[in-house]
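# Close look at the chain arrangement
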Amino acid sequence: MKSTDTEQLLRENEAAKQEIENLKRALSTAQGDRQKDKAELKAMAEMLAVSNEQRDAFATALKSVSERLYSTLIKQFSRKSDDIRRVDPKDFVTKNGQLDEAGDIEAAAEGVGADCEKNAFLPLRVQQTKKSKRKPSSPKRSLKDIPGVEVKYAETEHLSEEEIKKICGDNYRIIGTDQIQYFDYKPASFVVYVINRNRYGSKSKEIGAVAYDPMPDRLMQKTMVGEGFLAALFEDKFVYRISYALQEKRWAAAGLNLSRQAMSWWQLKATGIVEPLVKLIESHLMAGSSLQMDETTMKVVGVEDREKSYIWVRNSKGKDLSAAVYDVGPERSNEVAFKITDGFKGYLQSDMYASYEAIAKRNNHPGAPPGIILVSCACHIRRRAVETTNVYGGHIATANDIVGYFNDMFEIERDLRAKLDSKEIDDTTFLSDRKDLVTPLIEDINAKLIEQPKLDNGALLPQSPMYDRFVNYATSAMEILPNYLECIDLTPGNNLSERSFKDLKKAADSWYYFGSLKGAQSGCILLSLFRSAQLNGLNPGGYLQKVFTEGARITNAKGYDSNNLELWEGLLPWKLKPSDLAWTDKEKTAGD
C-alpha cells in the first residue's frame, strides 16, 4: 500500500513539475510577445519620426523649388515682377502641420496651376483689393462689316410645296427669313495691274527720238511690287512677327516666288524714301513739352562685334501730339542719349539710368531756367518694392504699405483721366485735383522710406542688403517723381515706353536679330511709323499703305526735295482719321 501511494505521489510530483514547466514556457512566450510588441511599438515610433522628417524635408524641398522658380521668373520677367508670387509650402500643409490628403494636394495644385494660367502670381501680402475695371465687350458685328471682305450670297435649296403643306397645312405663308453667315478662306489672291504705256515716234527718219506716256506714281517705279503689298509685308514682320523667311514660304504656297533677300531690299529702299516723314514726326516730338524714354537690347549683326546693341524709343501721348520714334545705338551710353535728346526742352520721364541724369546736367546750367526736368517712374519704384517683399514671402509690412500707396496713386490717375477724357473737368481742374490727392501719398511714401522696416508681426526686419538697395533707389527716385504733377501729358509711370517695345520684343523671339546696321535703322523707321499710327488710333498697315501711296505722289513730283519736310505734313498720323485710310485689313491700335 505504501508502495502504491509513493508511486502516486511521484506521478503527481512529475505532473506538477510538467505544469510548472508549461507555466514557465507560457510565461517565457508572453515575455517574448511583450518584447515583440515593444519592438513593434518602437518601430512604429521610428516610422512616425521618419514620416515627420519626410514631411519636413518635403516642405523644405518645396520651398527650395519655390525660391528657384521665383528667382527664374524674376530674371525672365524682371519688368513685370509685381505680377509674380512665390508658391508657399503652407499651401500644401494642414493646420495641424500634416500633409494634406491627396485630393487636397491636387486641389491646391490645381489652384496654383490656375494662377499660372492667368499669370496671376501676386505677392502673398500684396494682393490687389480692388477689382480692375474691365472694358465693356465690343458689340457683335456682322461678318459683312469686316473691312475688305468679299461678300457672296449663296443659293440654298428650298423645301418643296408638298413638304411644306405636309408640315404647315395647305394655307401657309413665309413668316420670316433667317440669315446665316459664315466665313471661309482661300489662299491669298493678288491684284495685277496692267499698264498700257504708248510710245510715240516720228514718221520722219530724220527724227529718231521716242516719246513715252507718263508712268503712274509708284513708290518704287522699277519693281514689280505695289504699295499695299509692301505695307502688308512690313506689317506682318514688325507688328505680327512673321519673319521674311516664313513669309517666303507662305507666298510660295500661294504661287508667288519671293525671296527673303528681295523683301529685305524692298524694306531698305522703301524706308529710305519715306524717312523724311519720320524726321518730321521727330521734329514735332522734340518740340513738345514732355518726352518719355526707354531702351532695350537687340542683337545687330556687324556692330562693333557686339553681342547686343540697344534700341531707344522716345514717345509722347497727349491731347495735341501722340508719336514715337525709335533709334538704334551700339551701346547704352551717354553719347547716344545726348544725340537723341539734343535740342529738347521740357519734362523727360524715364527710369533712373545714369545717362538720363547726365542729359539733365548737360542741359541745365546754374542761374538759368532748367532745360530738362527729369521725372522718375512710379512703376519702377513699386516694382522694386514688390521684389523686395517677395523675398520675405510678402511679409515686409513697410514695403507692402508703400505698394498700397502707389496703387492708390495709379487709381487716382485713372479716375481723373476718365473725367478729363469725358470733359467732366478741364485741364486746370485736372492738374489741381491730381496734385491735391497725390501729394499726401508722396509724403506717406517718403515717411515709410526713412522709418525702420517692420514685418507683419510687428518685429523689426533683420539686416537686409536688398531692402537697403531698394530704399536707396526709391529715395532718389521720389525726389523727382512729383515733377510729373506739373505736366498734364505725363502719368506716374513710364509704361507708355515699355509698351512701345512690346511688339519688338515679341518679334525678337521670332526673327531674333537685325542682319545689319542699315537693316536696324530701316526697322526703326518702320517701328516709328507703326507705333505712331497705333498711338493715334490708326491701323498700322493701313497707315503705312497711305504713306506709301501718297509718298509716291510726293517723291515723283517735279523738283522734289527730300530736305523739304513740309511736303509730308499731311501724312502726320495725328492729322489723319481711320476713315482716311484706304484699307484696314486688321485691327491693331494702341489699346492692344
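The following refers to the structure shown. Since the model is a prediction, treat every value here as computed from it, not as a measurement. (Residues numbered from 1 in each chain as written. Predicted model: local features only at pLDDT ≥ 70, side-chain atom pairs only at ≥ 80, totals over all residues. Heavy atoms only, no water.)

### Things to note about unusual backbone geometry
It is generally the case that most residues other than glycine have a negative phi and that most peptide bonds are trans. Where we set the bar: Put simply, DSSP H or I for four residues or longer makes a helix, DSSP E for two residues or longer makes a strand, and each gets a number counted from the N terminus. Only protein chains enter the calculation, and the probe is 1.4 Å; a residue is then buried if its accessible area is under 20% of its type maximum, exposed if over 50%, and partly exposed in between.
Of note in this structure, R241 is not a glycine but carries a positive phi near 65°. By secondary structure assignment, the location of R241 is in the loop between α4 (227-238) and α5 (244-253). The phi dihedral of K423 falls on the positive side, at around 65°, and the residue is not glycine. A relative accessible area of 74% places K423 in the exposed class.

### Examining the environment of A447
With respect to the helices, strands and loops of the structure, A447 is situated in helix α11 (residues 427-450). For the pair A447 and I402, spaced 45 residues apart in the sequence, the C-alpha separation amounts to 9.7 Å.

### Here we look at the packing of α5 against helix α6 (residues 260-286)
Inclusion rule: Every axis corresponds to a line fitted to the C-alpha atoms, with the helix fit spanning only the stretch in contact, and the corresponding angles, defined between N-to-C directions, vary from 0 to 180 degrees. When describing relative orientation, an angle under 35 degrees is termed roughly parallel and one over 145 degrees roughly antiparallel, while 65 to 115 degrees is termed roughly perpendicular and anything else oblique. Helix crossings are classified by the rotation of the near helix relative to the far one: an anticlockwise turn of less than a right angle makes the crossing left-handed, while a clockwise turn makes it right-handed. Residues count as neighbours in contact if any of their non-hydrogen atoms are within 4.5 Å of one another. When residues are grouped by polarity, Ala, Val, Leu, Ile, Met, Phe, Trp, Tyr, Cys and Pro land in nonpolar, Asp, Glu, Lys and Arg in charged, and all others, Gly among them, in polar.
Contact geometry for α5 and α6: axes closest at 9 Å, N-to-C directions at 120°. By the angle between their directions, the pair α5 and α6 is classed as oblique. Once α5 is placed against α6, the crossing between them reads as right-handed. Along the contact surface, α5 presents Y244, A245, Q247, E248 and W251, while α6 presents R260, M263, S264 and Q267. Classifying every residue of the contact of α5 with α6 gives four nonpolar, three polar and two charged.

### As for the pattern of salt bridges
The test is simple: Salt-bridge detection follows one rule: a side-chain nitrogen of Lys or Arg within 4 Å of a carboxyl oxygen of Asp or Glu.
Under the definition given, this model contains 15 salt bridges. Note that R417 is salt-bridged to E413, the shortest N-O span being 2.8 Å. Of the two residues, R417 and E413 both sit in helix α10 (residues 397-421), four residues apart, roughly one turn of that helix. A single burial state applies to R417 and to E413, both of which are buried.

### Topic: a nonpolar patch on the surface
Just so we agree on the cut-off: Only residues whose relative accessible area exceeds 30% and that form no salt bridge are eligible for patches; like-charged ones are grouped when within 9 Å, while nonpolar side chains (Val, Leu, Ile, Met, Phe, Trp, Tyr) are grouped when within 5 Å. In this description, accessible areas are obtained by the Shrake-Rupley approach with a 1.4 Å probe, and a residue is regarded as covered only by the protein chains that are shown.
On the surface, F190, V192 and V194 cluster together into a nonpolar patch covering about 320 Å² of accessible area. When you line up the elements, V194 lands in the loop between α3 (161-168) and β1 (199-201).

### Quick notes on the environment of I450
Mapped onto the secondary structure, I450 falls in helix α11. I450 sits 25 residues away from T475 along the chain, and the two C-alpha atoms are 8.8 Å apart.

### Description of the side chain of E235
Which entries qualify depends on this criterion: N or O atoms within 3.5 Å of each other form a polar contact, as long as, within protein, one can give a hydrogen and the other can take it, and as long as residues adjacent in sequence are counted only when both atoms are side-chain atoms.
Topologically, E235 is positioned in helix α4. Judged by relative accessible area, which is 0%, E235 ranks as buried. Among the polar contacts made by the side chain of E235, one reaches the main-chain amide nitrogen of G541 at a distance of 3.1 Å.

### Describing the packing of aromatic side chains
What counts, and what does not: Pairing of aromatic side chains here covers Phe, Tyr and the six-membered ring of Trp, requires ring centres within 6.5 Å, and sorts the geometry by plane angle: under 30 degrees stacked, over 60 edge-to-face, intermediate tilted. Our definition puts a charge over a ring when NZ of Lys or CZ of Arg is within 6 Å of the ring centre and also within 35 degrees of the ring normal.
Applying the stated criterion across every chain, the model contains three aromatic pairs. Its end group placed over the ring of Y244, K237 keeps NZ or CZ at 4.2 Å from the ring centre.

### Some thoughts on the nonpolar core
The nonpolar side chains of soluble globular proteins are, as a tendency, buried together. As a reminder, the rule being used: Here, nonpolar core means buried Ala, Val, Leu, Ile, Met, Phe, Trp, Tyr and Cys residues that are tied together by side-chain atoms lying within 4.5 Å of each other.
One finds F234 and F548 to be the most contacted residues of the largest nonpolar core, which totals 75 residues. Ranked by residue count, the leading element in this core is α6, at 11 residues. Ranked by size, the runner-up nonpolar core spans 40 residues in total, among them A399, L441, L455 and F470.

### Considerations on helix α12 (residues 465-480)
Given 3.6 residues to a turn, an α-helix orients residues that are three or four positions apart in the same direction. So the rule is basically this: Given a helix with a known number of residues, its expected span is that number minus one, times 1.5 Å.
Compared with the 22 Å implied by 1.5 Å per residue over 16 residues, the 24 Å span of α12 between its first and last C-alpha is a close match. For α12, every residue scored as buried is listed here: Y467, F470, V471, Y473, A474, A477 and M478. Where α12 is buried, its residues contact α9 (378-391), α10 and α11.

### Comments concerning the packing of α4 against helix α15 (residues 517-535)
Contact pair α4 / α15: the axes reach a minimum separation of 11 Å and the direction vectors enclose 90°. Comparing the axis directions of α4 and α15 gives the class roughly perpendicular. Taken together, the residues of α15 that come into contact with α4 (itself represented by F234, E235 and F238) are G523, L526, L527 and F530. The class makeup of the residues in the contact of α4 with α15 is five nonpolar, one polar and one charged.

### Description of the side chain of E411
On the secondary structure map, E411 appears in helix α10. In this structure the side chain of E411 is engaged in a polar contact, spanning 2.7 Å, whose partner is the side chain of R414.

### What about helix α16 (residues 540-555)?
The first and last C-alpha atoms of α16 sit 21 Å apart over 16 residues, in line with the 22 Å expected at 1.5 Å per residue. Of all 16 residues that make up α16, 12 are buried, and the element is covered over most of its length. Among all positions of α16, only P540, G541, G542, Y543, L544, Q545, V547, F548, G551, A552, I554 and T555 are buried. On its buried side, α16 packs onto α4, α6 and α15.

### Let's talk about the pairing of strand β6 (residues 346-349)
Moving residue by residue along a regular strand, the side chains alternate between the two faces of the sheet. So the rule is basically this: One requirement defines pairing of two strands: DSSP has to find at least two bridges between them.
Strand direction decides the pairing type here: strand β3 (residues 290-300) and β6, joined by three bridges, are parallel. Note that in β6 the partner of Q292 across the bridge is Q349. Note: β6 against strand β7 (residues 372-375), four bridges, orientation parallel. Bridged to Y347 within β7 is I373.

All quantities given are derived from atomic positions and should not be read as evidence of function.
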